[in-house]
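Residue-level listing of the chains:
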Amino acid sequence: MLAEKTKTRQNFYVRFENTKENLALLAYLQTLKNQKFVVFNSPTEVTNSEKEHIRLNAEIDKISQLKAGWDGFEASKPNKNAITQAETIVSMLSEKVLKYCALFPSNDSSVYLQGNFPKGGFAAYLNGDRFSYFMKGENFKNSAADVELNDKIISKIENQICKNLI
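About the criteria used
Residues numbered from 1 in each chain as written. Predicted model: local features only at pLDDT ≥ 70, side-chain atom pairs only at ≥ 80, totals over all residues. Heavy atoms only, no water. Core = buried A, V, L, I, M, F, W, Y, C linked by side-chain atoms within 4.5 Å. Buried < 20%, exposed > 50% of the residue type's maximum accessible area, 1.4 Å probe, protein only. Helix = DSSP H or I, 4+ residues; strand = E, 2+ residues; numbered from the N terminus. Contact = heavy atoms within 4.5 Å. Pairing = 2+ DSSP bridges. Axes fitted to C-alpha atoms, helices over the stretch in contact; angles between N-to-C directions. Phe/Tyr/Trp six-rings, centres within 6.5 Å; stacked < 30°, edge-to-face > 60°. Expected span 1.5 Å × (residues − 1). Polar contact = N/O pair within 3.5 Å; in protein donor to acceptor, adjacent residues only side chain to side chain. Salt bridge = Lys/Arg side-chain N within 4 Å of Asp/Glu carboxyl O.

Draft legend 1. Broad picture of the nonpolar core. Residues Leu103, Phe122, Phe131, Tyr133 and Ile157 are the most contacted members of the largest nonpolar core, which totals 30 residues. If you tally residues by element for this core, the top one is helix H3 (residues 80-92), at five residues. When neighbours within four sequence positions are excluded, Phe131 is seen to be in contact with Gln85, Ala124, Tyr125, Leu126, Ala145, Asp146, Val147, Glu148, Leu149, Ile153, Ile154 and Ile157.

Draft legend 2. Up close: the sheet that holds strand S6 (residues 131-137). Pairing within the open sheet is antiparallel, and its five strands lie in the order S3-S4-S5-S6-S7. Every interior strand has two partners, whereas the edge strands, strand S3 (101-105) and strand S7 (140-147), have only one. Sheet twist, expressed as the average angle between the axes of neighbouring strands with direction ignored, equals 10 degrees. Here helix H5 (residues 151-164) sits on the sheet in contact with strand S4 (111-117), strand S5 (120-126), S6 and S7, set at roughly 15 degrees to S6.

Draft legend 3. Representation of the packing of aromatic side chains. Going through the model one piece at a time under the given rule, you end up with four aromatic pairs. With 5.3 Å between their ring centres and 50 degrees between their planes, Tyr112 and Tyr125 make a pair best called tilted. Separated by 13 residues along the polypeptide, Tyr112 in strand S4 and Tyr125 in strand S5 bring together distant segments of the chain. Using a relative accessible area of 23% as the deciding quantity, one classes Tyr125 as partly exposed.

Draft legend 4. Representation of H3 within the structure. Given a rise of 1.5 Å per residue, 13 residues ought to cover 18 Å, and the 19 Å separating the end C-alpha atoms of H3 matches this to within 8%. Every buried residue belonging to H3 is among Ala82, Ile83, Gln85, Ala86, Glu87, Ile89 and Val90, and all of these are buried. Sitting at the head of H3, Asn79 places a side-chain oxygen 3.0 Å from the backbone nitrogen of Asn81.

Draft legend 5. Region of the structure containing the side chain of Ser110. Turning to its location among the elements, Ser110 is positioned in the loop between S3 and S4. You can call Ser110 buried: its relative accessible area is 2%. Engagement of the side chain of Ser110 in a polar contact is seen with the side chain of Asp108, the distance being 3.2 Å. For Ser110, the residues in contact, after removing those within four places along its chain, are Ala82, Phe104, Pro105, Tyr125, Leu126 and Asn127.

Draft legend 6. Inspection of the environment of Lys163 at higher detail. Topologically, Lys163 is positioned in helix H5. Along the primary structure Lys163 and Phe140 are separated by 23 residues, whereas in three dimensions their C-alpha atoms are 10.0 Å apart.

Draft legend 7. Expanded view of the environment of Leu93. Looking at the secondary structure, you find Leu93 in the loop between H3 and helix H4 (95-98). When neighbours within four sequence positions are excluded, Leu93 is seen to be in contact with His53, Leu98, Leu113, Ile154 and Glu158.

Draft legend 8. Seen up close, the pattern of salt bridges. For the structure on display, the rule yields three salt bridges. Among the salt bridges present, the one from Arg55 reaches Glu52, with a minimum N-O distance of 2.7 Å. Placement of the pair is Arg55 and Glu52 together in helix H2 (residues 43-64), with a separation of three residues, close to one helical turn. Taking relative accessible area as the criterion, Arg55 reaches 28% and is therefore assigned partly exposed. Among the charged side chains, a network of salt bridges with common partners joins Glu52, Arg55 and Glu59.

Have a look at this one:
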């Protein structure tokens with residue numbers, strides 16, 4: 001029934017063979033209204049609509065594979081909770097924001113998310129428990145330390161980036 005399946009962190013993509021049964025299932029899936037469920041009609045649609053999420057999830061995979069001493073010295077291995085935070089924040093931010101972002105490991109087992117936007121910059125330090133961030137533009141500056149990672153704060157950050165930095 002399934003011709004190809006590609007798994008990403010929080011999403012999965014399936015290409016169905018064009019059989020009568022599969023086309024009926026696809027038609028049904030497209031009627032569902034859950035925003036976390038998107039049906040793509042071709043691999044090109046997946047690539048175009050989620051390419052930044054896919055790129056950053058690949059970066060997360062690489063970071064999660066690092067071992068202690070990854071920097072050639074005494075850098076700690078990235079901790080699993082910081083990796084989970086990176087996965088969460090990447091899944092919550094839009095493609096519009098993520099296209100300017102990159103992820104980097106920290107030598108203290110944390111992860112950095114950095115954005116270099118047309119009108120300024122953003123950096124988030126993900127330590128596995130809470131996170132801190134700083135954003136600065138020409139006439140804009142905002143920061144917070146020791147913040148809980150949740151939908152509300154990520155939505156606020158996204159709005160501020162889109163309004164002041166892009």
